[in-house]
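If you want the building blocks of each chain, they are given just below.
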Amino acid sequence: MNKIFIFLGLIFISFSGFSQDIDDLLDSELSVTKEYTTATFKSTHIINSHSVAQLKKNHLNFIIYHRFGSISGGISKFFGIDNANMRLGFEYALNDWLTIGIGRSNYEKNYDGFIKARLLRQSKGGKFSSPVTLTYLASSEIFSRPFNDPNRKNYFSSRLTYVHQLLIARKFSENLSLQLMPTVVHKNLVKTVTQMNDLPAIGIGGRYKITKRMAVTFEYYKSIRFSNEDIQYHDPIGIGIDIETGGHVFQLVFSNSPLMQEGGFVYGANNDDFFKGDLHFGFNITRVFSFNHN
Amino acid sequence: MKQITLSILTLLFFTLSLNAQKTFYTKSGYIGFFSSTPLENIDARNHQVVSFLKTADGSLNFGLLVKSFKFKNALMEEHFNENYAESDKYPKAKFKGKIVNLSDIDFNNNGTYIAKVEGNLTFHGVTNSIKIDNINLTVNGDKLTGKASFKAKPEDYNIEIPSVVRGKIAKEITVNVEIEYSLYKK
């Protein structure tokens, strides 16, 4: 009788052992699956700067950027709303990691084009997992307004500005993402001989989600300026709120920079003094269109 | 003495026969879900489903990373992960269950069988017990394919749907499962 019990007990043990082991197998298979971090930023721009957020392949993003005049103008200038700078931008993703874009700003009748390539993706699990997302941004800008002094010899190349940027971002938690932005702005033509043609800068930006569909954003660049003229320029500071509603992201911002392309706001010639309250209210509105068919 | 020898022999036989039982697995199973409303269709596909099936006791399980669901529209995918499934908080979905009509299925003979499965589905941090009746299991040598479809309600898994988009998301979501297993070798 006893032996039967032992026997049954053994069978029972071997059975109960079974469902356990396939569950362990499942867990170990799932843990080696690489998981990529998504939605580090909601929008392709933090405020003025590009974020590491990439559009998905065959998606088109249309952005309307608007910056009003300085609010310090008071009621006589209707807190800056009387005049405005704007930029229209189109971005298109050739691939999940590669986006190209063009833009047109009314300031200096400026055209710009950029290419944004993701080189590394933040991930966990799997063989190699990167702690950060790394993206390279190259853009060039060309002003199409007439030259200030039409009597001297003006070269076409004098209209050009180039920007190179590395975007290094990490999503620290569901709510907090930060981004470092080492940047070089090169202007072919500057105002005086002593001014720098190449301006190095390092930017920091971030977002903190306060609800599922709303986030607070900021960005700031510290430039390394040597010449007397350059030192008088102000570094760009911006704070904003991202509001997501279905296919749109609304970004309401306050910035000391009236310009929205890197060669403008990082270079800083048009930036106002943030700490004297020379702020520009503005907004970015984005709309994403999908051209995926199947 | 005879009795002991007999029981040891039976035990040996039993263990041996258990070893002859098979474990099937896949790392590339398919699970998709579909929501259809007059306003919008939502279609998501995940081709990286891990699944194990043990023929000895009919136990089976499924696991997937929620982020591996692909949508045609990237924005839908982002909203699904960020706002509904909250895949940073709940990265995995799992099902653990058992074939309840194991005696109807002969894993050693080629053919198509109808299987019934009961088990627990965990998604978005919520576990519900579910029953799936019409599962097509096809045995073909060392290959085993399974096809199933069932319905799930977002509210059963604590998924909040804001009233603005209520009309765009079906009350019941159809989940389709297609698995092609091969033999698991350690």
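Anyway, here's the lowdown on the structure attached to this text. This is a predicted model, so every value here is computed, not measured. (Residues numbered from 1 in each chain as written. Chains lettered and ligands numbered in written order. Predicted model: local features only at pLDDT ≥ 70, side-chain atom pairs only at ≥ 80, totals over all residues. Heavy atoms only, no water.)

**Considerations on the overall build of chain A**
Definition in use: Counting from the N terminus, the helices are DSSP H or I runs at least four residues long and the strands are E runs at least two residues long. Both definitions apply: the radius of gyration is a C-alpha atom measure, and the globule rule equals 2.2 Å times residues to the power 0.38. Here, two residues are considered to be in contact whenever any of their heavy atoms come within 4.5 Å of each other. All accessibility values rest on the Shrake-Rupley procedure with a 1.4 Å probe; residue burial counts only the protein chains present in the view. We treat Lys and Arg as the positive residues and Asp and Glu as the negative residues; His and chain ends play no part in the count. Working definition for charges: the position is that of NZ of Lys, CZ of Arg, CG of Asp or CD of Glu.
Scanning chain A from terminus to terminus reveals three helices and 14 strands. Radius of gyration (C-alpha) of chain A: 26 Å, far over the 19 Å computed for a compact globule of 294 residues. A principal-axis box enclosing the C-alpha atoms of chain A has dimensions of 115 × 45 × 40 Å. Within chain A, contacts between residues separated by at least 24 positions form 59% of all contacts whose residues are at least 6 apart in sequence. Counting every atom, chain A has about 14,500 Å² of accessible surface; 65% of that belongs to carbon and sulfur. Across chain A, the mean location of the 31 positive side-chain charges is 3 Å away from that of the 25 negative side-chain charges.

**Examining the interface of chain B and chain A**
Worth spelling out the cut-off: By buried area we mean the combined loss of accessible area, with a 1.4 Å probe, across both parts when two parts are placed together. Salt bridges, as used here, are contacts in which a Lys or Arg side-chain nitrogen is within 4 Å of a carboxyl oxygen on Asp or Glu. For this analysis, a polar contact is any N or O atom pair within 3.5 Å, provided that within protein one partner can donate a hydrogen and the other can accept it, and provided that sequence-adjacent residues contribute only side-chain to side-chain pairs.
Facing the 44 residues of chain B at the interface are 38 residues of chain A. Together chain B and chain A conceal approximately 3,700 Å² of surface at their shared face, both sides included; 60% is due to carbon and sulfur atoms. Taken together, the links from chain B to chain A amount to ten salt bridges. The shortest N-O distance in the salt bridge between Lys54(B) and Asp21(A) comes to 3.5 Å. If you look at where chain B meets chain A, you find 13 residue pairs in polar contact (both at pLDDT 80 or more). When residues of the side of chain B that touches chain A are traced back to their parent elements, those giving at least two are α1 (2-20), β1 (23-36), β2 (41-54), β3 (59-65), α2 (74-84) and β5 (92-99) of chain B. In terms of residue count, the dominant contributor to the side of chain B that touches chain A is α2(B) (eight residues).

**Digging into the pattern of salt bridges**
Convention followed: Using a 1.4 Å probe on the protein chains alone, a residue whose accessible area is under 20% of its type maximum counts as buried, one over 50% counts as exposed, and one in between counts as partly exposed.
Within the structure shown, the criterion is met by 20 salt bridges over all chains. Across the pair Glu29(A) and Lys27(B) runs a salt bridge, and its minimum N-O distance is 3.9 Å. Within this pair, whereas Glu29(A) is found in helix α1 (residues 2-31), its partner Lys27(B) is found in strand β1, the two belonging to separate chains. Between Lys222(A) and Asp235(A) there is a salt bridge, with its nearest N and O atoms 3.7 Å apart. Here the residue Lys222(A) occupies a position in strand β11 (residues 214-223), and Asp235(A) occupies one in the loop between α2 (228-231) and β12 (237-245), the gap between them amounting to 13 residues. A relative accessible area of 14% means that Asp235(A) is categorised as buried.

**Considering the sheet that holds strand β9 (residues 176-187) of chain A**
Residue and element names in this part refer to chain A. What counts, and what does not: Here, a strand pair is defined by DSSP locating no fewer than two bridges between the strands. Under this scheme, a helix contributes an axis fitted over its contacting stretch, all axes are lines through C-alpha atoms, and angles between N-to-C directions fall in the 0 to 180 degree range.
The twelve strands are arranged β2-β3-β4-β5-β7-β8-β9-β10-β11-β12-β13-β14 in a closed barrel whose pairing can be described as antiparallel. For this sheet the average axis-to-axis angle between neighbouring strands, irrespective of direction, equals 20°. Sheet topology places strand β5 (residues 110-120) next to strand β7 (residues 133-143); ten bridges connect them, and they run antiparallel. The residue of β7 that forms the bridge with Phe114 is Ser139.

**Side note on the packing of aromatic side chains**
All names here are of chain A. Under the convention used in this document: Two aromatic rings, drawn from Phe, Tyr or Trp (for Trp, its six-membered ring), form a pair once their centres lie within 6.5 Å of each other, and the interplanar angle then sorts them: stacked below 30 degrees, edge-to-face above 60, tilted otherwise.
Under the counting rule described, the total for this entry stands at 19 aromatic pairs over all chains. Ring geometry for Phe254 and Phe281: centres 5.3 Å apart, planes at 50°, overall tilted. Here Phe254 is found in strand β13 (residues 248-255), whereas its partner Phe281 is found in strand β14 (residues 280-290), with 27 residues between them in sequence. For Phe254, a relative accessible area of 31% puts it in the partly exposed group.

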